[in-house]
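# Fold and contact review
Below are the chains, spelled out letter by letter.
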Amino acid sequence: MNTTPHCITASDIAKAAEILQGHAIRTPVMTSHQADEIAGARLFFKCENFQCIGAFKFRGAYNAISQLTQTQRRAGVIAFSSGNHAQAIALAARELGVNATIVMPHDAPATKLAATRGYGANVVIYQRHSEDREAIAERLATEQGLTVIPPYNYPQVIAGQGTAAKELIEEVGQLDILLVCTGGGGLLSGCAVAAHHWSPGCRVFGVEPLAGNDVQQSLRSGNRVHIPVPLTIADGAQTQQVGQLTFPIIQQYVEDILTVTDKQLCQQMRFFMERMKIVVEPTGCLAAAAAMNRLIDLHGKKVGVIVSGGNVDVDKIEQYLSMARE
Ligand SMILES: *Cc1c(COP(=O)(O)O)cnc(C)c1O
């Protein structure tokens, strides 16, 4: 039994919700009769693809920067990421009047570079194969007094992400089951704390890509398992190891981690477009794919499904849709 207190509690999530009020979008909850029929349950999709920057990461980023001291805010923040976290930090920092530096790989998609610069961030490019982005970020942080905001292993980031589940429960009432897309476990751990507090008895499951099931291995073995960079289209869940802060929360509040294949992600993306008229990125399809493939018994249950983001490269959609048919 783990008796050390966790890095956040429900009151940190309640505080984050207040901070985000009027800044983050209270995203819609969508339902679909057809999805319910396929899953044999009532599914409530929390659509974070409609969040600022197109993914839930704005919640954690805005909450984290808001809670820095004046001195830290004056100096600025730094993040290393090529994905949604970079854009979330860039936008949240701009809104809060804080300078942001983002360390991105030389081969990051041009659209992502442009978006991050467009939010006013200072982009530092590194060579993916020969340089260590964490070391670069740490060096710049030390030289310039910047605060590093990591994508998941940080208390105020976890608390911010938990507001997604809090809102969902406020909107639809108590849930039997909550399914959450999982990479490093920031969204999962925050949502698990929220569900435990605001919907006691709700069973919480994380969902990972089959090729990158490090959190599943970790939860089942009791140790934080490190894996090589997984080959999957779920680029937001290509993490190699669950966070040091997120893991104990997951151990306490999450029943299990489920896995889905890339093909199932493509089929889910297709369902979202065709039936629900929404664009969801592969990583954002994880939790929904677990429900619609009935990876656990959902019969007759009221199920919350976090749809984590919608930032898909539009030129790749055709390829994803054809993978769904293969
Ligand atoms: C970052 C991200 C995830 C994974 O979140 P973690 O907090 O790292 O588990 C899932 N979906 C999307 C769209 C993301 O951007």
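Here the structure is a predicted model, which is why all the values come from computation and not from measurement. (Residues numbered from 1 in each chain as written. Predicted model: local features only at pLDDT ≥ 70, side-chain atom pairs only at ≥ 80, totals over all residues. Heavy atoms only, no water.)

### Re the site of the ligand
The test is simple: What makes a residue near a molecule or strand is one non-hydrogen atom of that residue sitting within 4 Å of it. In the analysis that follows, any N or O atom pair within 3.5 Å is treated as a polar contact, provided that within protein one partner can donate a hydrogen and the other can accept it, and provided that, for residues neighboring in sequence, both atoms belong to side chains. Gly is placed with the polar residues, together with every amino acid not listed as nonpolar (Ala, Val, Leu, Ile, Met, Phe, Trp, Tyr, Cys and Pro) or charged (Asp, Glu, Lys and Arg).
In the vicinity of the ligand, 15 residues are found, and the nearest of them are Lys57, Asn84, Gly183, Gly185 and Ser308. At 2.7 Å, a side-chain N or O of Lys57 approaches an oxygen atom of the ligand. Looking at the shell around the ligand residue by residue, the classes come out as three nonpolar, 10 polar and two charged.

### Observations regarding the environment of Thr101
Spelled out, the test is: Secondary structure elements are defined from DSSP: runs of H or I of at least 4 residues count as helices, runs of E of at least 2 residues count as strands, and each element is numbered from the N terminus. Burial status follows relative accessibility: with a 1.4 Å probe on protein chains alone, a residue under 20% of its type maximum counts as buried, one over 50% as exposed, and anything between as partly exposed. Two residues form a contact once any of their heavy atoms are found within 4.5 Å.
Its place among the elements puts Thr101 in strand E4 (residues 100–105). Accessibility expressed as a relative area gives 6% for Thr101, which makes it buried. Residues Thr101 and Val124, 23 residues apart in the sequence, show an inter-C-alpha distance of 7.0 Å. Sequence-distant contacts of Thr101, defined by excluding residues within four places in its chain, comprise Val77, Ile78, Ala79, Asn122, Val124, Leu140 and Leu146. Engagement of the side chain of Thr101 in a polar contact is seen with the side chain of Asn122, the distance being 3.3 Å.

### A few points about the UniProt feature "domain: Tryptophan synthase beta chain-like PALP" (unreviewed entry) in the chain
Formally: UniProt positions are given in the numbering used here, feature names are shortened, and annotations may be inferred rather than shown by experiment.
Following the UniProt record, one finds the feature "domain: Tryptophan synthase beta chain-like PALP" (unreviewed entry) at residues 22–309. With 43% helix and 17% strand, residues 22–309 has end C-alpha atoms that lie 20 Å from one another.

### Examining the sheet that holds strand E10 (residues 302–307)
We count it as follows: Two strands are counted as paired when DSSP detects at least two bridges linking them. As a rule, the C-alpha atoms of each element are fitted with a line to give its axis, helices using only the stretch in contact, and angles between N-to-C directions run from 0 to 180 degrees.
One open sheet holds the six strands; their spatial order is E1-E2-E10-E7-E8-E9, and the pairing between them is mixed. Only two strands of the sheet have a single neighbouring strand rather than two, namely strand E1 (29–30) and strand E9 (256–260). Along the sheet, helix H12 (residues 262–276) makes contact with E1, strand E2 (42–47), E9 and E10, crossing E9 at roughly 80°.

### Focus: the packing of aromatic side chains
Spelled out, the test is: Only centres within 6.5 Å qualify two rings of Phe, Tyr or Trp (six-membered ring in Trp) as a pair; their planes then separate them into stacked at under 30 degrees, edge-to-face at over 60, and tilted for everything else. Any Lys NZ or Arg CZ that is within 6 Å of a ring centre and within 35 degrees of that ring's normal is treated as a charge sitting over the ring.
Here the structure, examined in full by the defined rule, presents two aromatic pairs. Plain terms: the ring middles of Phe45 and Phe272 are 5.6 Å apart, the flat faces sit at 80° to each other, and that makes the pair edge-to-face. Of the two residues, Phe45 is situated in strand E2 and Phe272 in helix H12; the sequence distance between them amounts to 227 residues. Stacked on the ring of Trp198, the Lys or Arg Lys166 has its end atom at 5.2 Å from the ring centre.

### Describing helix H11 (residues 246–253)
Along an α-helix, a turn takes 3.6 residues, which lines up residues three or four apart on a common side. Buried residues of H11: Thr246, Phe247, Pro248, Ile249 and Ile250, and no others. Against the buried residues of H11 lie helix H8 (155–172), helix H9 (186–198), helix H10 (214–221) and E9.

### What about the sheet that holds strand E6 (residues 147–148)?
Within a sheet, each strand pairs with its neighbour through backbone hydrogen bonds, oriented either parallel or antiparallel. Taken in spatial order, the four strands make up an open sheet running E5-E4-E3-E6, and their pairing is parallel. Of all the strands in the sheet, the pair left with one neighbour each is strand E5 (122–126) and E6. The pairing of strand E3 (residues 77–80) with E6 spans two bridges and is parallel. Paired with Ile78 across the strands is Val148, a residue of E6. Against the sheet, helix H5 (residues 84–95) contacts E3 and E4, and its axis sits at roughly 165° relative to E4. Contacts from helix H7 (residues 133–144) reach E3, E4, E5 and E6 within the one sheet, and its direction differs from that of E3 by about 175°.

### Observations regarding the nonpolar core
Selection rule: Buried Ala, Val, Leu, Ile, Met, Phe, Trp, Tyr and Cys residues that are joined via side-chain atoms within 4.5 Å together make up what is termed a nonpolar core.
Formed by 43 residues in total, the largest nonpolar core has its most connected members in Leu43, Phe45, Leu179, Phe272 and Val305. Here the element with the most residues in this core is helix H13 (residues 286–292); it accounts for seven residues. Ignoring sequence-local partners within four residues, the contact set of Leu179 consists of Phe205, Leu258, Ala287, Ala291, Ile296, Val303, Gly304, Val305 and Ile306. Among the nonpolar cores identified, the runner-up in size contains 34 residues, and Ala165, Leu188, Val254 and Ile306 belong to it.

### Some details on the packing of H12 against helix H14 (residues 317–325)
Here is the rule: For classification purposes, an angle smaller than 35 degrees is called roughly parallel, one larger than 145 roughly antiparallel, one from 65 to 115 roughly perpendicular, and anything else oblique. By the definition used in this description, the sense in which the near helix is turned from the far one sets the handedness, with an anticlockwise turn below a right angle giving left-handed and a clockwise turn giving right-handed.
It is at 8 Å that the axes of H12 and H14 come closest, and there the two elements cross at 115°. As judged from the angle between their axes, H12 and H14 are roughly perpendicular. The two elements H12 and H14 cross, and the hand of that crossing is left-handed. Contact residues: H12 offers Asp262, Lys263, Cys266, Gln267, Met269, Arg270 and Met273, while H14 offers Ile317, Tyr320, Leu321, Met323, Ala324 and Arg325.

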